[in-house]
Amino acid sequence: MRSPLLDTPGAVAAETPDADVAGHYGDPFAEQRALLAGEAMVDRGNREVVRVSGPDRLSWLNSLSSQKLDDLKPGQATQTLLLDAQGRVEHHLTLVDDGEAVWAHVEPGTSAELVAFLDKMRFMLRVEVADVTSEYAVVTVTDVSRLGLPAGAVPVGDDVLLPRDLLAERLGGLRLAGLWAHEALRIEGHRPRLGFETDHKTIPHEVGWIGSALHLSKGCYRGQETVARVHNLGHPPRRLVFLHLDGGADTLPRHGAPVVHDGTEVGFVGSSARHHELGPIALAVVKRTVPVEAVLQAGGVAASQEVVVPPDAGRNVQIDPSLRRRIR
């Protein structure tokens, strides 16, 4: 759904799959700084929203997905994954329970498949699944607690599910920041995005979703066997890395661009951006065996690495929480 905020003077549309929202409003670096200062909101209204109601909703979702949800407290935001039988990631949900229903937002173009799967799995349980994308838009701010939210809005961590007819009013009078600002801060925070840092082979360990979106000691769910086997006995074949790109390059490597080490392709670029302090940066997924000190070529641009997922992940090795940056 095309956002009405694209009609704001100075708005420039983002690229697919985000073309229905603004990439920036004329000054991407100022928008990043305003977002960090809690003075801006990001229109992410191209994301899709699913509502699950009914008294069995939490235990049911707990049985289907990777996060422990059966004791989720009202207002507590979290993430979860739906995996296939081989443990590969199919869906990533950011969600909250408001005491009456679970609200989740997902990547553009994925809600129809998600709702179809959930409907198929209802059986005789007391749950109802609805795609409410036409009614709610996702916006992101730095600190929801500082805002007075309008009636009908649903806070989900630093995101707000806002009735679409209120989107043009801007929360709390905040200035607008485009998706470029949000993406630069997401990349700096080492946070993977489904469809960017993932492909059809991705397992949760490779991109650092263990803990944040997957609970290792909860009950059974589809794909759990692979998760447990890699965690206890093996290593994921690939690992997420943060890249500092050569600032002398004229262009950023695009999504899917090859990452090369010593003349051999060893991975792919997920996302890239220009950060207001760090310069050009990216997230990429590379083979586990690539040396952590190696200088890489990302889409032809020289790049040094920061470890996000260590090469020895798995076999009960935990990711150091300090490696996942916290954006304040």
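Here, every reference points to the structure presented above.
Only a predicted model underlies this, so the values are computations on that prediction, with no experimental measurement involved. (Residues numbered from 1 in each chain as written. Predicted model: local features only at pLDDT ≥ 70, side-chain atom pairs only at ≥ 80, totals over all residues. Heavy atoms only, no water.)

Q: I would appreciate a short explanation of the side chain of Arg 57 in the present structure.
A: Along the chain, Arg 57 falls in helix 2 (residues 57-64). Reaching out from Arg 57, the side chain makes a polar contact with the side chain of Asp 97 at a distance of 2.7 Å. Look past the residues within four positions of Arg 57 in its chain and what remains in contact with it is Val 52, Asp 97, Gly 99, Glu 100, Ala 101, Val 102, Arg 126 and Val 127. (Helix = DSSP H or I, 4+ residues; strand = E, 2+ residues; numbered from the N terminus. Polar contact = N/O pair within 3.5 Å; in protein donor to acceptor, adjacent residues only side chain to side chain. Contact = heavy atoms within 4.5 Å.)

Q: Help me understand the packing of helix 1 (residues 28-36) against helix 4 (residues 179-188) in this model?
A: Two numbers describe a pair of packed helices, the interaxial angle and the distance between the axes. Where helix 1 contacts helix 4, the two axes come as close as 8 Å, and the packing angle between them is 65 degrees. Once helix 1 is placed against helix 4, the crossing between them reads as right-handed. Packed against helix 1, whose contacting residues are Pro 28, Glu 31, Gln 32, Leu 35 and Leu 36, the element helix 4 presents Trp 180, Ala 181, His 182, Ala 184 and Leu 185 at the interface. For the contact of helix 1 with helix 4, the per-class residue count stands at seven nonpolar, two polar and one charged. (Axes fitted to C-alpha atoms, helices over the stretch in contact; angles between N-to-C directions. Left-handed = near helix turned anticlockwise from the far one by under 90°. Nonpolar A, V, L, I, M, F, W, Y, C, P; charged D, E, K, R; others polar.)

Q: Before we go on, may I ask you to explain the sheet that holds strand 8 (residues 128-131) in this structure?
A: Hydrogen bonding along the main chain pairs the strands of a sheet, whether they run parallel or antiparallel. Reading across the sheet, the five strands line up as 5-6-7-4-8 and stay open at both edges, with antiparallel pairing between neighbours. The sheet is open, and its two borders are formed by strand 5 (78-83) and strand 8, each paired with just one other strand. When strand polarity is set aside, the average angle formed by the axes of neighbouring strands in this sheet is 30 degrees. Alignment of strand 4 (residues 48-53) against strand 7 (residues 101-106), held across six bridges, turns out to be antiparallel. Within strand 7, the position partnered with Glu 48 by the bridge is Val 106. (Pairing = 2+ DSSP bridges.)

Q: For this particular structure, what's the right way to read the environment of Ala 213?
A: Structurally, the position occupied by Ala 213 is in the loop between helix 4 and helix 5 (224-233). As a C-alpha pair, Ala 213 and Pro 9 span 204 residues in sequence and 38 Å in three-dimensional space. For Ala 213, the contacting residues outside a window of four places in its chain are Ser 66, Gln 67, Gln 79, Thr 80, Leu 81 and His 92.

Q: Before we go on, may I ask you to explain helix 3 (residues 111-120) in this structure?
A: Think of an α-helix as turning once every 3.6 residues; residues three or four places apart then point the same way. Residues of helix 3 that are buried include every one of Ser 111, Leu 114, Val 115, Phe 117 and Leu 118, and no others. The arc that holds every buried residue of helix 3, seen down its axis, measures 160 degrees, which confines them to one face. Exposed residues on helix 3 whose side chains face more than 90 degrees from its buried face are Ala 112, Glu 113 and Lys 120. Among the structural elements, strand 4, helix 2, strand 5, strand 6 (89-97), strand 7 and strand 8 are those in contact with the buried residues of helix 3. (Buried < 20%, exposed > 50% of the residue type's maximum accessible area, 1.4 Å probe, protein only. Arc of directions from axis to C-beta.)

Q: I tried to follow the pattern of salt bridges on my own but got confused; where do I start?
A: Side chains that differ in sign of charge can pair as their charged atoms come close. All told, the structure shown has 18 salt bridges when counted by the stated rule. Between Asp 159 and Arg 44 there is a salt bridge, and its shortest N-O distance comes to 3.2 Å. Note that Asp 159 is positioned in strand 11 (residues 159-163) and Arg 44 in the loop between strand 3 (40-43) and strand 4, a separation of 115 residues in sequence. Each member of the pair, Asp 159 together with Arg 44, is buried. Salt-bridge contacts for Arg 57 lead to Asp 97; the nearest nitrogen and oxygen are separated by 2.7 Å. Of the two residues, Arg 57 sits in helix 2 while Asp 97 sits in strand 6, which places them 40 residues apart along the sequence. (Salt bridge = Lys/Arg side-chain N within 4 Å of Asp/Glu carboxyl O.)

Q: Just to check I follow, could you spell out the environment of Gln 86 for this structure?
A: Looking at where Gln 86 falls in the secondary structure, it is placed in the loop between strand 5 and strand 6. Residue Gln 86 is classed as partly exposed on the basis of its relative accessible area, which comes to 44%. A polar contact is formed between the side chain of Gln 86 and the side chain of Arg 88, at a distance of 3.0 Å.

Q: Help me out: how do you make sense of the side chain of Thr 94 in this one?
A: Within the secondary structure, Thr 94 is located in strand 6. Under the relative-accessibility criterion, Thr 94 is labelled buried at 13%. Beyond its immediate chain neighbours, meaning those up to four positions away, Thr 94 contacts Thr 78, Gln 79, Trp 103, Ala 104, His 105, Val 156 and Asp 159.

Q: So what exactly am I meant to see when it comes to unusual backbone geometry here?
A: Excluding glycine, most residues fall at negative phi; most peptide bonds, likewise, are trans. Cis geometry marks the peptide bond from Thr 16 to Pro 17; its omega dihedral reads 10 degrees. Within the secondary structure, Pro 17 sits in the loop between strand 1 (12-13) and strand 2 (22-24). A positive phi angle, close to 50 degrees, is found at Phe 123, a residue other than glycine. Residue placement: Phe 123 occurs in the loop between helix 3 and strand 8. One non-glycine residue, Asp 262, adopts positive backbone phi at about 50 degrees. Summarising the element assignment, Asp 262 is placed in the loop between strand 14 (258-261) and strand 15 (264-275).

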